[in-house]
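Coordinate inspection notes
Residue-level listing of the chains:
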Amino acid sequence: MALDTKVCRIGYWMSEKKIRKLDFEEFEELCRNAGMEILKLDLDQSLDDQGPFDVILHKLTDQIARSEEGCQVAQKQIERFQEYVARNPRTVVVDPIENVMRLFDRHQQYGHVQRLCLEDKQANFFMPAFVELHAIDIETNKRSIAMFGLHYPIVCKPMVSHGSSQCHEMSIIFGESGLKDADIPCLAQTFVNHNARLYKIFIVGSKYYIVERPSITNLHAGDYPTIFFNSNDVSKPNASSFLTQVRDSDLVYPLISPDLGKLRTLAEKIQDRFGLDLLGIDVIIENRTGCYAIIDINTFPGFEDVPDFLRDLLDLIRQKLGRVVNGNKTVICSLIGDCRDEIKRH
């Protein structure tokens, strides 16, 4: 079947930091070599004057976050973007802002995942118990934690999951006496012991990559001081933190190797639920039960461990445009490294 020869125009927007991190100039070259035009959007000007666009690729999380905080400049930028998309329904957007925003509020995000897990109780997926803490009064927060079935230790996370460095600032509270340290408002969640191993699922359209990352060691409730940490310092590639140091005495239960089929199934379900093509899913395996806990989802993550992300991104755009011989979605559980039975470890 002959491929459509119409020149495709791609508009994109992301921060300069994201552009450098992805080495996005290489992607621009890939697009030009594929006969596509690519242009960085000016969000302060009419997009109609810059278009038309067949595809818009973006990471507007910073603008969305500032817009939600009341920044008028960001609100106007998002409004201008959304109005263009509404006037041009044939333009493919990776990813739709309304879908991205379903991840922004951690309580809302976790609620979606919790309902997804309840729909298939046989799959051994779960969302650790969580609750919003809004009260300055510690006794009120104690009652909320008990009512929603949380157990100590708990992890306290910012309510907003994207758009600022603050969304990675977290704390671990080991008992009721530590609730005075909670940065209110926050989302509190039961900490699940998982032998300091986290599995990140990177999704690029129909391709899934799974990589092992360091994570927080096994912890127990008690009269311990609150630990404050940045999640980027714990689970990024080659991260080194005292929180990830595992002692033999911590390994009461043996290490559990992940079932890649289960992780693929989980990725499919979450991708379908949120309607997004660029995702990162953080999964841990409870050391006592072997059940799979979803602890965070991120839109358009760094894809640091995906060996050829920019080519995968170009393939995704082609697929979205229908410029593939076989338009059927093929799920690929592709492992970092040699693509056999190993998961790349960092």
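As a reminder, the structure under discussion sits directly above these lines.
Please read these numbers as outputs of a predicted model, since none were measured by experiment.

**Quick notes on the overall build of the protein**
When its secondary structure is counted, the protein shows 11 helices and 16 strands. Counting only C-alpha atoms and orienting by the principal axes, one finds that the protein spans roughly 65 × 50 × 35 Å. When contacts within the protein are restricted to residue pairs at least 6 apart in sequence, those whose partners lie at least 24 apart make up 72%. Summed over all atoms, the accessible surface of the protein reaches about 16600 Å², with 48% contributed by carbon and sulfur. Of the charged side chains in the protein, 41 are positive and 50 negative; the average position of the first set lies 3 Å away from that of the second.

**So, the pairing of strand β10 (residues 197–204)**
Along β10, 7 of the 8 residues are buried, which leaves the element largely enclosed by surrounding structure. Sheet analysis places β10 next to strand β11 (residues 207–214), joined by 8 bridges and oriented antiparallel. The residue bridging K200 from the neighbouring strand is V211, located in β11. Connecting β10 to the next strand, β11, in antiparallel fashion are 2 residues, including G205 with a positive phi near 65 degrees. Bridge count between β10 and strand β13 (residues 278–285): 7 bridges; the pairing is antiparallel. Residue pairing for β13: I203 is matched across the bridge by L279.

**Notes on the packing of aromatic side chains**
All chains considered together, the criterion is met by 10 aromatic pairs. Here Y12 and F24 contribute two aromatic rings whose centre-to-centre distance is 4.7 Å and whose plane-to-plane angle is 50 degrees, an arrangement assigned as tilted. Here Y12 is found in strand β1 (residues 9–13), whereas its partner F24 is found in helix α2 (residues 24–33), with 12 residues between them in sequence. Summarising the burial analysis for this pair, Y12 and F24 share the class buried. An aromatic cluster is defined as three or more aromatic residues linked by ring pairs; in this entry it consists of F202, F300, F303 and F309.

**Thoughts on the nonpolar core**
One finds F81, I270, I281, I294 and I297 to be the most contacted residues of the largest nonpolar core, which totals 46 residues. Tallying contributions element by element places helix α10 (residues 260–274) first for this core, with 5 residues. Here I294 is in contact with V113, C117, F125, F126, M127, P128, L266, I270, I281 and D282, once residues within four sequence places are set aside. Grouped together as the second largest cluster of nonpolar side chains are 30 residues, I38, V92, V94 and L314 included.

**A short note on the side chain of K157**
Within the secondary structure, K157 is located in strand β7 (residues 154–157). It turns out K157 is buried and unbridged, and the closest side chain with the opposite charge, D296, is 4.5 Å from it. Excluding its chain neighbours within four sequence positions, the residues that come into contact with K157 are R106, Y110, M170, C186, L187, Q189, I295 and D296.

**Considerations on helix α4 (residues 61–68)**
Taken together, the buried positions of α4 are T61, Q63, I64, A65 and S67. In the core, the buried residues of α4 are packed alongside β1, α5 (72–87), α6 (97–100) and β14 (292–299). Two residues or fewer after α4 comes G70, characterised by a positive phi angle close to 105 degrees.

**Observations concerning the sheet that holds strand β4 (residues 92–94)**
The 4 strands are arranged β2-β1-β3-β4 in an open sheet whose pairing can be described as parallel. For this open sheet the edge positions go to β2 (37–40) and β4, each flanked by a neighbour on one side alone. Neighbour to neighbour, the strand axes of the sheet diverge by 20 degrees on average, direction disregarded. The pairing of β1 with β2 spans 4 bridges and is classified as parallel.

**Considerations on unusual backbone geometry**
Cis geometry marks the peptide bond from Y152 to P153; its omega dihedral reads 0 degrees. As for its position among the elements, P153 is in the loop between α8 (138–147) and β7. A cis geometry characterises the amide bond from I184 onward to P185, with omega recorded as -5 degrees. Along the chain, the position of P185 falls in the loop between β8 (169–173) and β9 (186–190). The residue N195 is not glycine, and still its phi comes out positive at about 55 degrees. One can find N195 in the loop between β9 and β10. For A196, which is not glycine, the phi dihedral falls at a positive 60 degrees. Locating A196 in the fold gives a position in the loop between β9 and β10.

Definitions and limits used
- Residues numbered from 1 in each chain as written.
- Predicted model: local features only at pLDDT ≥ 70, side-chain atom pairs only at ≥ 80, totals over all residues.
- Heavy atoms only, no water.
- Helix = DSSP H or I, 4+ residues; strand = E, 2+ residues; numbered from the N terminus.
- Contact = heavy atoms within 4.5 Å.
- Areas by Shrake-Rupley, 256 points an atom, 1.4 Å probe, with all protein chains shown as cover.
- Lys, Arg positive; Asp, Glu negative; His and termini not counted.
- Charge placed at Lys NZ, Arg CZ, Asp CG, Glu CD.
- Buried < 20%, exposed > 50% of the residue type's maximum accessible area, 1.4 Å probe, protein only.
- Pairing = 2+ DSSP bridges.
- Phe/Tyr/Trp six-rings, centres within 6.5 Å; stacked < 30°, edge-to-face > 60°.
- Core = buried A, V, L, I, M, F, W, Y, C linked by side-chain atoms within 4.5 Å.
- Salt bridge = Lys/Arg side-chain N within 4 Å of Asp/Glu carboxyl O.
- Axes fitted to C-alpha atoms, helices over the stretch in contact; angles between N-to-C directions.

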